[in-house]
Amino acid sequence: MLVLMNVQATPAQVANVIKHVRERGFEPIELPGADRLAIGVLGSNPGSIRDAICDLPGVVDAIPVSKPYKQVTREWHPEPTVVDVSGVNVGDGSFVVIAGPCAVESREQVLATARDVADAGATMFRGGAFKPRSSPYSFRGLGLDGLRHLAEAREVTGLPVVTEVLTPADVELVSEFADMLQVGTRNAQNFALLEAVGGARRPVLLKRGLSNTIEEWLLAAEYVVAHGNPNVVLCERGIRTFEAATRNTLDLSAVPVVKSLSHLPVIVDPSHATGHRPLVPPMARAALAAGADGLMIEVHPDPENALSDGAQSLTPAAFAELMGSLRRLAVALDRQVATAPSPMRAATPG
Ligand code: PEP
Ligand code: MN
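Bear in mind the structure is a predicted one, so any value in this text is a computation, not a measurement. (Residues numbered from 1 in each chain as written. Chains lettered and ligands numbered in written order. Predicted model: local features only at pLDDT ≥ 70, side-chain atom pairs only at ≥ 80, totals over all residues. Heavy atoms only, no water.)

**Observations concerning the pattern of salt bridges**
- For the structure shown, the criterion picks out 15 salt bridges.
- A salt bridge links K19 to E23, with the nearest nitrogen and oxygen atoms 3.6 Å apart. Of this pair, K19 and E23 both sit in helix α1 (residues 11–23), four residues apart, which is roughly one turn of the helix.
- With a relative accessible area of 43%, K19 lands in the partly exposed category.
- In this structure, R126 and E298 form a salt bridge, with 3.4 Å as the shortest nitrogen-oxygen distance. (Salt bridge = Lys/Arg side-chain N within 4 Å of Asp/Glu carboxyl O. Helix = DSSP H or I, 4+ residues; strand = E, 2+ residues; numbered from the N terminus. Buried < 20%, exposed > 50% of the residue type's maximum accessible area, 1.4 Å probe, protein only.)

**Re the domain arrangement of the protein**
- You can read the domains of the protein as domain 1 (2–63) and domain 2 (83–332).
- A C-alpha centroid distance of 38 Å is found between domain 1 and domain 2. (Domains from an automatic or database assignment.)

**What to know about the layout of surface pockets**
- Here the largest pocket is characterised by a volume of approximately 260 Å³.
- Contributions of two or more residues to the lining of the largest pocket are made by β1 (2–5), β2 (27–32) and β3 (37–42).
- Of the residues belonging to the lining of the largest pocket, the class tally is nine nonpolar, two polar and four charged. (1 Å grid on protein atoms, 1.4 Å probe; cavity = no way out; pocket = protein on both sides within 12 Å on 5 of 7 lines; lining within 4 Å. Points joined across faces, edges and corners; volume = space filled by probe spheres on them. Nonpolar A, V, L, I, M, F, W, Y, C, P; charged D, E, K, R; others polar.)

**Observations concerning the coordination of the manganese ion (ligand 2)**
- Only C102 (SG), H272 (NE2), E298 (OE) and D309 (OD) from the protein reach the manganese ion (ligand 2) as donors, at distances of 2.0 to 2.4 Å.
- Sequence spacing of the donors to the manganese ion (ligand 2): C-x169-H-x25-E-x10-D. Separated by 11 residues along the polypeptide, E298 in strand β14 (residues 294–298) and D309 in the loop between β14 and α11 (316–332) bring together distant segments of the chain. (Donors = N, O, S within 2.8 Å, 3.2 Å for Na, K, Ca; no water.)

**Observations regarding the sheet that holds strand β10 (residues 180–183)**
- Spatially, the eight strands close up into a barrel ordered β7-β8-β9-β10-β11-β12-β13-β14, and their pairing is parallel. Mean inter-strand twist for the sheet, computed between neighbouring axes without regard to direction, equals 25 degrees.
- Sheet analysis places strand β8 (residues 124–126) next to strand β9 (residues 161–164), joined by two bridges and oriented parallel. Residue pairing across strands places R126 opposite V162, the latter belonging to β9.
- Against the sheet, helix α4 (residues 144–157) touches β8 and β9, its axis set at about 165 degrees to β9.
- Helix α8 (residues 254–261) contacts β12 (232–236) and β13 (266–268) of the sheet and is inclined by roughly 170 degrees relative to β13. (Pairing = 2+ DSSP bridges. Axes fitted to C-alpha atoms, helices over the stretch in contact; angles between N-to-C directions. Contact = heavy atoms within 4.5 Å.)

Laid out in structure tokens, this is it:
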């Protein structure tokens, strides 16, 4: 439920509403708006205290929030959320491009790729140090060494780094090295992990679960927000369907649907969605045209010999070409590809 305060409500009246909400066993959250303050009321059946709250001085109305994902719905927060990732603003209207290899394979590979994508104009760098793999015998990442290489790549290029965290126990460690924590598709409904990243001090990139409906995906985001972390960026990365021509089916319509339902930013990962290098640039451009807040693209200096996801990884040259076409398309759409923060600002995650 949202309690709308009068435009002229005094701080004492706001404090009084908050006290009453708490005394009745609900959780109040102050939500400053463009012209008036609202107080969100969380808990089971807040409608039961509606009449009592409406009688308090300074209260104009109390309206139910119809969606089950209370805090990530636009009903709760009509303005778009802008997530600050160590100086990169995701969701401010600009188009953020996160690029890098599927996995951190070696220091040399990571530093070379980071330099290449930075030169091409990427806004952030990606790379997996802890890899979720379908087979236990596949390469599963360099772990702590991988995190160290990513941190060095940030120092060299200035690009903030996003990397996946697989378990609640690793959240603290990954937060020490990364600017943003990725929750992958296989963990999108791992509620213990969602709660753990909800308690983390880093923004979260939440991939859509392999077979998640949009409602399930938004409820997963709600777990993170409800546990204290409002800085969530959603990532559409394709879902499982009967179609076998592509690795997954990119649900581009999810972009405008999510934008209408939620205030959270949403980006698109055409690499995992399609699984095939030639399909990545056209779907990346389609994501920009569909109104996404950005992209996540896999890039590898030698895709034929990549330890994971080589078939969907762009070469640095193909990535640079894609960036050029995105910049040209952005002009036609009255948008801009976001630039990276300066190396000095990004050298230490804030
Ligand atoms: C990845 O980004 O490398 C990854 C494993 O993604 P997803 O969880 O979407 O498969
Ligand atoms: Mn991958």
